[in-house]
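# Understanding the architecture of this molecule
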Amino acid sequence: MIPLFAAYVAGRETDYVRECLDTGWLASGGQFNRRFAEELSRFLGASHAVPCNSGTSALHVSLMLAGVGPDDRVLVSDLTFVATANPIRYLRAEPVLIDAHPTHWNVDVELMADELKRRADRGQRPAAVLPTHILGRACRLDPLLEAAQRFDVPVIEDAAEAFGATVDGRQAGTFGLAGCFSFNGNKQITTGGGGLIATDDDGLARQADHIINQAKLPGPGYVHDQVGYNYRLSNVAAAIGLAQFEQLPEIVARKHRIAARYRCLADLPGIALPYEEPGTVSSDWLTTILIDEAQFGRSRDEMLGCLAERGVEARPIWTPLHKMPMYAHAERVGGDIADQLDAQGLSLPSFAGLSDEQQQHIIHTIQSLYIRTGPPG
Ligand SMILES: *Cc1c(COP(=O)(O)O)cnc(C)c1O
């Protein structure tokens, strides 16, 4: 079976983890946590990088420090992984789900910006906006950043899937007040489980570092000045992350090659790939195609089964949040774009270690499954 994901471990992971074991620096403290933060803040071009134990905790802390609290509203992408929205609820706030864009599939930022204006006209101010850069594809946020500034609403970017993607040469996740990244096992690079908050805001970085360390005050004693969280990244995880980060150029180059090869699938009737917004460079984290049953002759769900029978693990795109019971009653803005993408979206194995032969097998299988439906010619 060709899996959807497999970590790419080809660097100094073992050496660095052994160093943790040899020195006894396994958990908090230790040089890898510090080095990982330094390297990533430099790479991202952000003043601060605060490593966390997951992308979800990075989002939770960022939203908290942006001021989100009980009964607040947060405008968020409808088509995203569920972990984007859950931290809104941890803070007892309510998500407002904004539809996806039909061609690039990220959140429709014009729609999100218009909703900010509409609410401002009614004297309502959402506590934050939370756009996601999905599938490694950086989203141009310009109209949203403008509206958010005008109405004084903080922008938190969920860049969990977009590590290494850029807009006009600048890293996704560095446009808002804070950007959140994930280093879960299936992401561009992994710490085995981890995340990061990137920010230029000194106060936010300092408070984030405090809150994720149980809000412990400096000094030898156990004095804590607020309810904190155990959200810090361990030194062992950071050691793996640093070794992974050193391979990022190789990983991204491999991902670009894989995505480029999959592009031939768009030549088949009924198969579409997302449109690249001008000035954006995708990290090509996960190649996802749309399958139009009327033209291709098979539905997305049929394709899932056919591929599995032939040894390929494909997956549906994210299920829109509004289709899940906990968000079914959330306010929604937009039409049915997320639903259309949900019905047709199929993600294909795109991990850095995918071999040429494996990818050829996937491509040939999809080509062979096309059923000519219309009249010949
Ligand atoms: C993976 C992911 C997260 C959560 O990250 P974890 O490290 O798994 O907690 C959040 N948002 C998006 C869009 C993701 O893909």
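Conventions we followed
- For every chain, the first residue of the written sequence is number 1, and numbering continues from 1 along that sequence.
- Local features are withheld for residues below a pLDDT of 70 in this predicted model, meaning they are given only at 70 or higher, and side-chain atom pairs are given and counted only at 80 or more; totals for whole chains, interfaces and linings count all residues.
- Excluding hydrogens and water, the side-chain values take into account all heavy atoms of the structure.
- Three exposure classes are used, based on accessible area relative to the maximum for each residue type with a 1.4 Å probe and protein chains only: buried under 20%, partly exposed in between, and exposed over 50%.
- For the purposes of this entry, the term helix denotes a DSSP run of H or I that reaches at least four residues, the term strand denotes a run of E that reaches at least two, and both are numbered from the N terminus.
- By the convention used here, strands pair only if DSSP detects at least 2 bridges between them.
- The criterion for a residue being near a molecule or strand is simple. One of its heavy atoms has to lie within 4 Å of it.
- Nitrogen and oxygen atoms within 3.5 Å of one another constitute a polar contact, given that in protein one can donate a hydrogen and the other can accept it, and given that sequence-neighbouring residues count only through two side-chain atoms.
- We get accessible surface area from the Shrake-Rupley algorithm with a probe of 1.4 Å; when it comes to residues, only the shown protein chains can shield them.
- When residues are grouped by polarity, Ala, Val, Leu, Ile, Met, Phe, Trp, Tyr, Cys and Pro land in nonpolar, Asp, Glu, Lys and Arg in charged, and all others, Gly among them, in polar.
- In the sections that follow, a salt bridge refers to a side-chain nitrogen of Lys or Arg positioned within 4 Å of a carboxyl oxygen of Asp or Glu.

### Thoughts on the pairing of strand β2 (residues 73–77)
- Where burial is concerned, most of β2 is hidden: four out of the five residues are buried.
- Note that β2 and strand β3 (residues 94–98) share five bridges and pair parallel. Residue pairing across strands places L75 opposite V96, the latter belonging to β3.
- Across three bridges, the pairing between β2 and strand β4 (residues 128–130) is parallel. Along β4, the bridge assignment pairs V76 with L130.

### Observations regarding the site of the ligand
- Lining the immediate surroundings of the ligand are 16 residues, of which T56, D158, E161, S182 and K187 lie closest.
- In this structure, G55 approaches the ligand through a main-chain N or O atom, which is 2.8 Å from an oxygen atom.
- In the environment of the ligand, an oxygen atom lies 2.6 Å from a nitrogen or oxygen atom belonging to the side chain of E161.
- Here the ligand has 380 Å² of accessible area as a free molecule, and 92% of this is covered by the chains.
- Counting residues per element, the shell around the ligand draws most heavily on helix α3 (residues 55–65), which supplies three residues.
- For the shell around the ligand, the per-class residue count stands at four nonpolar, nine polar and three charged.

### Looking at the pattern of salt bridges
- For the structure shown, the criterion picks out 20 salt bridges.
- Measuring nitrogen to oxygen at the nearest pair gives 2.6 Å for the salt bridge that ties E250 to R254. Here R254 and E250 lie together in helix α9 (residues 248–262), a separation of four residues that amounts to about one turn.
- Residue E250 is classed as partly exposed on the basis of its relative accessible area of 37%.
- Where D339 meets R332, a salt bridge forms, and the shortest distance between an N and an O atom there is 3.7 Å.

### Structural notes on the sheet that holds strand β6 (residues 166–167)
- Pairing within the open sheet is antiparallel, and its three strands lie in the order β7-β6-β11. Lying at the two open borders of the sheet, with one neighbouring strand each, are β7 (170–171) and β11 (280–281).
- Of the pairings in the sheet, the one linking β6 to β7 comprises two bridges and is antiparallel in character. Its bridge partner being in β7, V167 is matched across the sheet by R170.

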